[in-house]
Structures are given as structure tokens and as C-alpha cells.
Amino acid sequence: MLRLLLSVAISGNVMRSLPSISVTFRRVFILYKNSFIDVLPFVLLVLMIQVSFSKLLPVNETTETAYIFLHVVLKSLITSFFFCCVIYAIFLKHYQQNLKYGELISKGLTRVIPMIFSGIILISPLILMMGMFMIISVIIVPDSNNASMTSKIIFLIMQLIISVATFFYVLIVFVYCYLSGVLIVCKNSTAWIGIKQSWRLVSDNWWYVFSRMLSLLVIIIIPSILLYHFLVQQTADGIITVFTFSLGPCLMVILHEILESTAIADKDMSIVRLPEK
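Sequence order as written defines residue numbering, which begins from 1 separately in each chain. Owing to the predicted nature of the model, reporting of local features is limited to residues with pLDDT of at least 70; listing and counting of side-chain atom pairs is limited to 80 or more, with chain, interface and lining totals taken over all residues. The side-chain figures draw on all heavy atoms in the structure; neither hydrogens nor water molecules are used.

On to the side chain of Thr 24, then. Put simply, DSSP H or I for four residues or longer makes a helix, DSSP E for two residues or longer makes a strand, and each gets a number counted from the N terminus. Mapped onto the secondary structure, Thr 24 falls in helix H2 (residues 21–56). N or O atoms within 3.5 Å of each other form a polar contact, as long as, within protein, one can give a hydrogen and the other can take it, and as long as residues adjacent in sequence are counted only when both atoms are side-chain atoms. Side-chain polar atoms of Thr 24 contact the backbone oxygen of Ser 20, separated by 2.8 Å. For Thr 24, the residues in contact, after removing those within four places along its chain, are Pro 19, Tyr 208, Arg 212, Leu 251, Ile 254, Leu 255 and Ile 258. For this analysis, residues touch if any pair of their heavy atoms sits within 4.5 Å.

Listed below in C-alpha cells is the structure:
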């Protein structure tokens, strides 16, 4: 009984050790302020490349599918590369290590492929789900103009099911894998190991991570709405990119530190034994 009470008390202490939202975001914004100038060159490069990209490779309603695919792939590569550079710079700044831009670029080049591969792993179930939906829809409703009412109702029900499943998949999995970027880039984990480790760290703290992610989304969206109301879209896009690009990585680094230290504390407490009489 004494052992059980000890384990419950230890568990309660570990749970209470998790910082509140206000404490978490105070740490996030301190890190954001301290690292803003260091990551600004990368953020400005992202902005310049995105603007140039939109002008050189525009996409509209008449654009061919292959061209759109190429556009998405190139943009994903560029964004992922700069994300790797930025999150590694923030990670080093947080742990008070020296920043060398050559090292940051090298890290971005070596970790961009694992980052993209992790994204492919995460979206592959969605692609499979969509593919199956398209195949089944062709079988059920081969001709939408001549389809029966029953076939159309079945098709609409399937659309609803797929939409709901997609929403919950993205919501749940994205939260579980939110820390994978820190692990893949800063800890040199493979794509799969980074996803597994992130899942393990978040597994007992899903609502904790989700509430912080949602709060960050609100913090970004409210000023963005005001900017889009008073400024033209391109100017608003530029301001939002410059001032919010590093906020997500800052939150990831802080949450990783919190949950990793909590996991270590849980592990240490689990091996505590009462002295033998």
C-alpha cells in the first residue's frame, strides 16, 4: 500500500510539473525574441523565394496537373530546407550554443530529405484513402448525369465519411507528430524514428500539446485577419511570414524540452524503490 501511495504521489508531482499555457508561451516568446535576428536572414530568403516562385511559376485554373505537382514539390523542398535551418538555429539558441550559418545551412541540406520523407509517411494514409474513394466512386457513380438517386446518396455519404475521417486523422496525427521536426533535425533521428519518438512523448500529453498548438494558431490568426483587412494580400503575406515563421519552431523546441524532461522524470521515478527494512 505504501508503495502504491508513493507511486500515486510521484505521478501527481510529475503532472503538476507541466507548465501552464501562460508559462509555456512566456518561454516561447522569450526564445522567439532572442532568436528573431538570428533566423531573420533565412525567413527573408524564404519570403523572397516565395515571391519569385509565384512570379516565375504561377499556378491558376488552367495549369496542368504535372506542372502543379512540380510546383508543390519544389515549394515543399524549399520550405522544408529553410524550416530545418530555422528550427536548428532556434534549438542552438535555446541551449545557448554558438550559431554558425555554415553549420545551419549544412544541417538544412542534410535533414531536408528526412523531413520531407516524414511528411510523405504522414500523408500516405490520406492519399490511399482518397485513392480508394475515387475508385469506389467511379464504380458506384460511373456517370454522374445518369446516376440513380440511391447511388448519389451513397456517394454523398461516402464523401461525408471521408471528410470526417480526414479531419480527425489530421487533427490527431498532427498533434502526436508535432515534435518530430525537432527530433529529425536537431537530434538527427530518421523520419520514422522521429515520428515514433514524438508519438511517445506526446502520447500521455495529447491535450496539453493540442491546447498549446491551438493557442498559437489563435495568436497568429487574429493579427493576420487585421492585416488582410487593412493591407493588400501580398504585403500582408510578407509581414505574416516575417513575424510568424519562427513562432512554430519556437513552440516545438519548448514543448520538446518540457515533455522530454517530464519523460525522463517519469522514468527516474518509476525505478524508485523503498529501502528494505
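Let us keep going from here.
Aromatic rings considered in pairs are described by the distance between their centres and by the relative angle of their planes. When two rings of Phe, Tyr or Trp (its six-membered ring) have centres within 6.5 Å they constitute a pair, described as stacked for plane angles under 30 degrees, edge-to-face for angles over 60, and tilted for the intermediate range. Scanning all chains against the criterion turns up 14 aromatic pairs. Geometrically, the ring pair formed by Phe 36 and Phe 243 is stacked, given 5.8 Å between the ring centres and 15° between the ring planes. Taken as a pair, Phe 36 in helix H2 and Phe 243 in helix H9 (residues 233–244) lie far apart in primary sequence, 207 residues in all. Judged by its relative accessible area of 16%, Phe 36 is buried. By way of ring pairs, the aromatic residues Phe 25, Phe 29, Tyr 32, Phe 36 and Phe 243 are connected into one cluster. In this scheme, a residue with accessible area under 20% of its type's maximum is buried, one over 50% is exposed, and one in between is partly exposed, where area comes from a 1.4 Å probe on protein chains only.

To get an axis, a line is fitted to the C-alpha atoms, and for a helix only the part in contact is used. The angle between two axes follows their N-to-C directions and goes from 0 to 180 degrees. One can describe the packing of helix H5 (residues 149–176) onto helix H8 (residues 206–230) by two numbers: an axis separation of 9 Å at closest approach and a directional angle of 100°. Taken together, H5 and H8 sit at an angle that is classed as roughly perpendicular. Where H5 abuts H8, its residues Leu 171, Ile 172, Phe 174, Val 175 and Tyr 176 lie against Trp 206, Val 209, Phe 210 and Met 213. Its residues placed into classes, the contact of H5 with H8 shows nine nonpolar, no polar and no charged. Angle categories are assigned with fixed cut-offs, so that under 35 degrees is roughly parallel, over 145 is roughly antiparallel, 65 to 115 is roughly perpendicular, and the rest are oblique. Residue polarity is assigned by list, with Asp, Glu, Lys and Arg as charged and Ala, Val, Leu, Ile, Met, Phe, Trp, Tyr, Cys and Pro as nonpolar; anything else, Gly included, falls into the polar class.

On to the nonpolar core, then. What we call a nonpolar core is a set of buried Ala, Val, Leu, Ile, Met, Phe, Trp, Tyr and Cys residues that are connected through their side-chain atoms within 4.5 Å. Ile 87, Tyr 178, Val 202, Val 209 and Leu 259 are the most contacted members of the largest nonpolar core, which totals 54 residues. Secondary structure elements with two or more residues in this core: H2, helix H3 (65–94), helix H4 (101–140), H5, helix H6 (180–186), helix H7 (191–202), H8 and helix H10 (247–270). At 12 residues, H3 tops the list of elements feeding residues into this core. Apart from the residues lying within four places of it in its own chain, the contact partners of Tyr 178 are Ser 198, Val 209, Met 213, Leu 216, Gly 248, Leu 251, Met 252 and Leu 255. Counting five residues, the second-largest nonpolar core is a separate cluster that includes Ile 121, Val 173, Cys 177 and Ala 191.

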